[in-house]
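Residue-level structure breakdown
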Amino acid sequence: MNQKFYDAVSMNPVIAAVKNESGLYKCIENTDIAVVFVLYGSVATICTLVEQLKQADKTVIVHMDLVTGLSARPEAVDFIAQYTKADGVISTRIEQIRRAKELSLYTVYRIFAIDSKVLDNVAGNRAICEYADFVEILPGLMPKVIRMMCRHLTVPVITGGLISEKEDVIAALNAGAAAISATNQDVWGM
């Protein structure tokens with residue numbers, strides 16, 4: 001685990017997830033936000049988006065799966081590492097997480113907890129614990145599932161998706177999540 005990344009998340013357990021320009025600008029203006037998940041962009045714009053956030057002194061994690069024009073191959077991580085100033089990546093693809101770790105980037109492995117098979121696969125997957133700094137579980141409104149995953153994983157859990165109220169944040173953190181991520185800008189100030 002990367003201690004610096006863990007400390008940044010621990011000190012700021014609400015992570016701003018930006019999905020458009022208005023979210024980007026609001027995030028830049030908010031000095032309380034330390035860690036940002038970038039959930040949009042293209043190969044033509046991602047460098048500029050990351051640069052704007054870095055100038056605002058943010059830790060920037062790019063969601064590889066949501067950047068238009070990047071392939072699903074591990075080599076796409078090389079592009080992020082070489083041409084942007086991103087601190088790390090998020091992906092649903094363990095091969096990209098593995099490559100990011102090889103390049104000394106922070107890593108967040110994202111899963112969608114849609115059934116017990118997904119949960120069983122994550123809990124028994126050594127590669128996830130070896131290469132991911134954090135596992136992000138979506139949706140974030142499942143304290144029982146969050147608690148179970150925290151018991152089965154040796155890496156800290158972030159949860160996100162559908163979190164819109166203070167009670168959602170508290171429930172996720174009380175269930176063992178190290179942090180929550182949210183695109184809902186009202187949550188960023190909680």
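**A closer look at helix H1 (residues 3–11)**
Side chains that are three or four residues apart share a direction in an α-helix, a result of its 3.6 residues per turn. Looking only at H1, the buried set comprises Phe5, Ala8 and Val9. Seen end-on, H1 carries its buried residues on one side only, within an arc spanning 95°. Looking at H1, the residues exposed on the side facing more than 90 degrees away from the buried face are Lys4 and Met11. Contacts made by the buried residues of H1 are with strand S1 (14–18), strand S2 (35–38), strand S3 (59–63), strand S5 (106–112), strand S6 (134–138) and strand S8 (179–182). Regarding H1, its N-cap is Asn2, as a side-chain oxygen of that residue lies 3.1 Å from the backbone nitrogen of Lys4 further along.

**Examining the pattern of salt bridges**
Scanning the model with the defined rule gives eight salt bridges in all. One salt bridge in this structure joins Asp87 and Lys54, with 2.8 Å as the shortest N-O distance. Separated by 33 residues along the polypeptide, Asp87 in the loop between helix H4 (75–83) and strand S4 (88–91) and Lys54 in helix H3 (residues 46–55) bring together distant segments of the chain. Judged by its relative accessible area of 27%, Lys54 falls in the partly exposed class.

**What about the environment of Pro156?**
Inspection of the secondary structure puts Pro156 in the loop between helix H8 (143–152) and strand S7 (157–160). Accessibility expressed as a relative area gives 15% for Pro156, which makes it buried. Each C-alpha atom of the pair Pro156 and Ala178 lies 6.0 Å from the other, and the pair is 22 residues apart in sequence.

Rules used in this analysis
Residues numbered from 1 in each chain as written. Predicted model: local features only at pLDDT ≥ 70, side-chain atom pairs only at ≥ 80, totals over all residues. Heavy atoms only, no water. Buried < 20%, exposed > 50% of the residue type's maximum accessible area, 1.4 Å probe, protein only. Helix = DSSP H or I, 4+ residues; strand = E, 2+ residues; numbered from the N terminus. Arc of directions from axis to C-beta. Contact = heavy atoms within 4.5 Å. Polar contact = N/O pair within 3.5 Å; in protein donor to acceptor, adjacent residues only side chain to side chain. Salt bridge = Lys/Arg side-chain N within 4 Å of Asp/Glu carboxyl O.

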